[in-house]
Amino acid sequence: MNNKDLNIYIAMHKPCDFINQKFYCPIQVNGGKNEKFLSVTDATGDNISYKNARYCELTALYWIWKNDIHSKY
């Protein structure tokens, strides 16, 4: 297994410090309504970011399911 096979997503709704590893991928939830602070948000590609008020971090899981085509795990 190489680093491209695995992504560990970290759902974030505000900026914070985290351990920077090649396979960690922070994703901003509620990206459609909040000021963008990460390059990956749940408001791009196939998304349900507009439902974040009711679904919370599940909008990030939906985004990962529909948009991460590179990682195997």
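The sections below set out a description of the structure shown in this document. Fair warning: this is a prediction, and the values are worked out from it, not measured in the lab.

Another point: the packing of aromatic side chains. Counting across every chain of the model gives three aromatic pairs. Centre to centre, the rings of Tyr 9 and Trp 63 are 6.3 Å apart; their planes meet at 70°, and the pair counts as edge-to-face. Placement of the pair is Tyr 9 in strand 1 (residues 8-12) and Trp 63 in helix 2 (residues 58-67), with a sequence separation of 54 residues. Each ring, one from Tyr 62 and one from Trp 65, has its centre 5.5 Å from the other, and the planes form 80°; the classification is edge-to-face. Taken together, the positions of Tyr 62 and Trp 65, both in helix 2 and three residues apart, correspond to about one turn of that helix. With a relative accessible area of 60%, Trp 65 lands in the exposed category.

Considering the arrangement of structural elements, one finds Gln 28 in strand 2 (residues 24-28). Apart from the residues lying within four places of it in its own chain, the contact partners of Gln 28 are Met 12, Asn 34, Glu 35, Lys 36, Phe 37, Leu 38, Val 40, Thr 41 and Asp 42.

Glancing now at helix 2. Of all the residues in helix 2, the buried ones are Thr 59, Ala 60 and Trp 63. Looking down the long axis of helix 2, one finds its buried residues gathered within 100° of arc, a one-sided arrangement. Away from its buried face by more than 90 degrees, helix 2 exposes Leu 58, Leu 61 and Trp 65. Looking at the buried side of helix 2, the elements it contacts are strand 1, strand 2 and helix 1 (52-55).

Bringing the nonpolar core into the picture now. Within the largest apolar cluster, six residues are counted, these being Cys 25, Ile 27, Val 29, Val 40, Ala 60 and Trp 63. Elements that contribute at least two residues to this core include exactly strand 2 and helix 2. Beyond its immediate chain neighbours, meaning those up to four positions away, Ile 27 contacts Tyr 9, Ile 10, Ala 11, Met 12, Leu 38, Val 40, Thr 41, Asp 42, Ala 60 and Trp 63.

Cut-offs and rules
- Residues numbered from 1 in each chain as written.
- Predicted model: local features only at pLDDT ≥ 70, side-chain atom pairs only at ≥ 80, totals over all residues.
- Heavy atoms only, no water.
- Phe/Tyr/Trp six-rings, centres within 6.5 Å; stacked < 30°, edge-to-face > 60°.
- Helix = DSSP H or I, 4+ residues; strand = E, 2+ residues; numbered from the N terminus.
- Buried < 20%, exposed > 50% of the residue type's maximum accessible area, 1.4 Å probe, protein only.
- Contact = heavy atoms within 4.5 Å.
- Arc of directions from axis to C-beta.
- Core = buried A, V, L, I, M, F, W, Y, C linked by side-chain atoms within 4.5 Å.

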